[in-house]
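The primary structure of each chain is shown beneath.
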Amino acid sequence: MNWLKKGLFLFCLLGLLASFAGCSQNEVKSTEPIGKAYFNWFDTVSYVYSYAGDPAERFEELSAGISGILTEYHRLFDIYHEYSGINNLCTVNRLAGGEPVPVDPKLIEFLRYAEELYGQTDGEMNILLGSVLKIWHDHRTQATEDPAAASLPEQETLLEAARHLDFSLLEIDEEKGTIRLTDPDAAIDVGALGKGYATEKAAQYLEEQGAGGYVLNIGGNIRIIGHKPDGGGWRTAVKDPEDPEGSYAAILDIADTACVTSGNYERFFAVKGKQYHHIIDPDTLWPAEQFASVTIITRDSGLADALSTALFCMSYEDGLALAQQFGGVEVLWIEHDGTLRYTDGMEALLTN
Ligand code: AMP
Ligand code: MG
């Protein structure tokens, strides 16, 4: 298997498959894609593909630009490691309750956006959920290392952590360029938004460079820049939550947009035969149970990422109302029994 085939295979495993130019009998003329795989962003595998028929040097130049952007955001958003020469979210969490921390203006811009989304989603997507997420993360890690010792958090422990979730605990001083968590027990976790936000910055860079016919798959978050050279879209598959490694629940035909899924099969652990996944409902402090997965299609990959998590934690009715409020947001909900529910605009994108 050459590297490109390997990339496509892994792409399938990640759950969202773009079926690329050259696959369809109906293609009048197709340009062979060129692409690259990356393993160093957001602890996951990412791919950059061009269908533009660009000369190799142009692809190299643009993929180097994307790489620079994603590497920078990966470092700024990392809550597990610090890097020399920058203060990142790991630094901010470590210094919670202490002095204000000078940070890159990019981090301030991101945190302001996260604050806006916290309000718009009625707190369902909350990057200040870190203290609660850490508890679930520790239990998941322990269960992975020693499944026989798998255990659930105590409700009391979760309730104590939930006293440190309010966005007002994050002080942002734009003028001084500093941020500070005022509560030593508060913590930031941007798992729900960071990858999509950084992907959007990379997409904006490509647009500024006049690039089209590019597909970014950043750890399963898809952002398509422009159309195929023939003006068409890409067939993009949404995993079947019941058989995430083997089959697809839907195939969408999309171009010039983002496609992000939050699913209960992505990261989980089991206790007494029941699975506990990684998306935590801020209202219950337990894994959200409304859906098996929620897929968002909207042009801005950051918004798609935020809404995939938020709508995963909401009822169908509340999620639909929120999507309509934003406008230009299409949703595919997959229920536990496999039933698909979708917005009208999503229906138009379904190919099966
Ligand atoms: P996603 O796969 O985009 O839905 O993001 C899930 C990740 O976001 C989890 O692994 C946590 O790090 C974090 N997270 C889980 N639940 C929430 C929530 N309700 N609000 C914000 N972040 C969350
Ligand atoms: Mg998300």
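Computed from a prediction, not measured in an experiment: that's the story for all the values here.

All right, on to the sheet that holds strand β15 (residues 330-334) then. Taken in spatial order, the 8 strands make up an open sheet running β2-β3-β7-β8-β11-β14-β15-β16, and their pairing is antiparallel. A single partner strand is all that each edge strand has here, and the edge strands are β2 (34-41) and β16 (340-342). Recorded for the sheet is a direction-independent mean angle of 15° between the axes of neighbouring strands. The strands touched by helix α7 (residues 194-208) within the sheet are β3 (44-50), β7 (214-218) and β8 (221-225), with β8 carrying the most contacts at an inclination of about 15°. Where helix α8 (residues 301-312) meets the sheet, it contacts β8, β11 (258-263), β14 (293-298) and β15, and its direction lies at approximately 25° from that of β11.

Taken together, the neighbourhood of ligand 1 is formed by 18 residues, with E124, D189, S262, I280 and T309 sitting nearest. Within the backbone of N126, an N or O atom sits 3.1 Å from a nitrogen atom of ligand 1. H278 places a polar side-chain atom, nitrogen or oxygen, 3.0 Å from an oxygen atom of ligand 1. When the free accessible area of ligand 1 is taken as 500 Å², the share hidden by the protein chains comes to 94%.

So, on to the pattern of salt bridges. If charged atoms from side chains of opposite charge come close, those side chains can pair. Overall, the coordinates contain 17 salt bridges when judged by the stated rule. With a shortest N-O distance of 2.9 Å, K36 and E60 are connected by a salt bridge. Within this pair, whereas K36 is found in strand β2, its partner E60 is found in helix α2 (residues 56-77), the two being separated by 24 residues in sequence. Accessibility expressed as a relative area gives 40% for E60, which makes it partly exposed. Note that E245 and K239 form a salt bridge whose closest N and O atoms lie 3.6 Å from each other. Taking relative accessible area as the criterion, E245 reaches 53% and is therefore assigned exposed. A relative accessible area of 5% places K239 in the buried class. Overlapping salt bridges bring together E200, E207, R223, D256 and R299 as one network.

Moving on, we come to α2. The terminal C-alpha atoms of α2, which comprises 22 residues, lie 31 Å apart, in line with the 32 Å expected from a rise of 1.5 Å per residue. Looking only at α2, the buried set comprises F59, L62, S63, G65, I66, S67, I69, L70, Y73, H74, L76 and F77. At its buried positions, α2 is contacted by β2, β3, α3 (89-94), α4 (105-120), α7 and β7.

We now examine unusual backbone geometry. With a phi angle near 50°, D43 is a residue other than glycine that sits in the positive phi range. Topologically, D43 is positioned in the loop between β2 and β3. Its identity is not glycine, yet D256 carries a phi of approximately 50°, on the positive side. Inspection of the secondary structure puts D256 in the loop between β10 (248-254) and β11.

Now for the coordination of the magnesium ion (ligand 2). Ligation of the magnesium ion (ligand 2) by protein atoms is provided by A192 (O), D305 (O), D305 (OD) and T309 (OG1), these donors lying 2.1 to 2.5 Å from the ion. Along the chain, the residues that donate to the magnesium ion (ligand 2) are spaced as A-x112-D-x3-T. Of this pair, D305 and T309 both sit in helix α8, separated by 4 residues, roughly a single helical turn. Taken as a pair, D305 and T309 share a single burial class, namely buried.

Okay, α8 next. Taking 1.5 Å of rise per residue, 12 residues should cover 16 Å, and α8 covers 16 Å from first to last C-alpha, within 8% of that figure. A large share of α8 lies buried, amounting to 12 of its 12 residues. Here α8 has its buried residues at S301, G302, L303, A304, D305, A306, L307, S308, T309, A310, L311 and F312. The distance from a side-chain oxygen at the start of α8 to the backbone nitrogen of G302 is 2.7 Å, and the residue carrying that oxygen is D300.

Looking now at the packing of α7 against α8. At their nearest, the axes of α7 and α8 sit 7 Å apart, and the two run at 165° to each other. Between α7 and α8, the interaxial angle falls into the category roughly antiparallel. Taken as a pair, α7 and α8 cross one another with a handedness that is right-handed. Across the interface between the two elements, G194, K195, G196, Y197, T199 and E200 from α7 touch S301, G302 and D305 from α8. In terms of residue class, the contact of α7 with α8 is built from 1 nonpolar, 5 polar and 3 charged.

Parameters at a glance
Residues numbered from 1 in each chain as written. Chains lettered and ligands numbered in written order. Predicted model: local features only at pLDDT ≥ 70, side-chain atom pairs only at ≥ 80, totals over all residues. Heavy atoms only, no water. Pairing = 2+ DSSP bridges. Helix = DSSP H or I, 4+ residues; strand = E, 2+ residues; numbered from the N terminus. Axes fitted to C-alpha atoms, helices over the stretch in contact; angles between N-to-C directions. Contact = heavy atoms within 4.5 Å. Near = heavy atom within 4 Å. Polar contact = N/O pair within 3.5 Å; in protein donor to acceptor, adjacent residues only side chain to side chain. Areas by Shrake-Rupley, 256 points an atom, 1.4 Å probe, with all protein chains shown as cover. Salt bridge = Lys/Arg side-chain N within 4 Å of Asp/Glu carboxyl O. Buried < 20%, exposed > 50% of the residue type's maximum accessible area, 1.4 Å probe, protein only. Expected span 1.5 Å × (residues − 1). Donors = N, O, S within 2.8 Å, 3.2 Å for Na, K, Ca; no water. Parallel < 35°, antiparallel > 145°, perpendicular 65-115°, else oblique. Left-handed = near helix turned anticlockwise from the far one by under 90°. Nonpolar A, V, L, I, M, F, W, Y, C, P; charged D, E, K, R; others polar.

These figures capture arrangement, not role.
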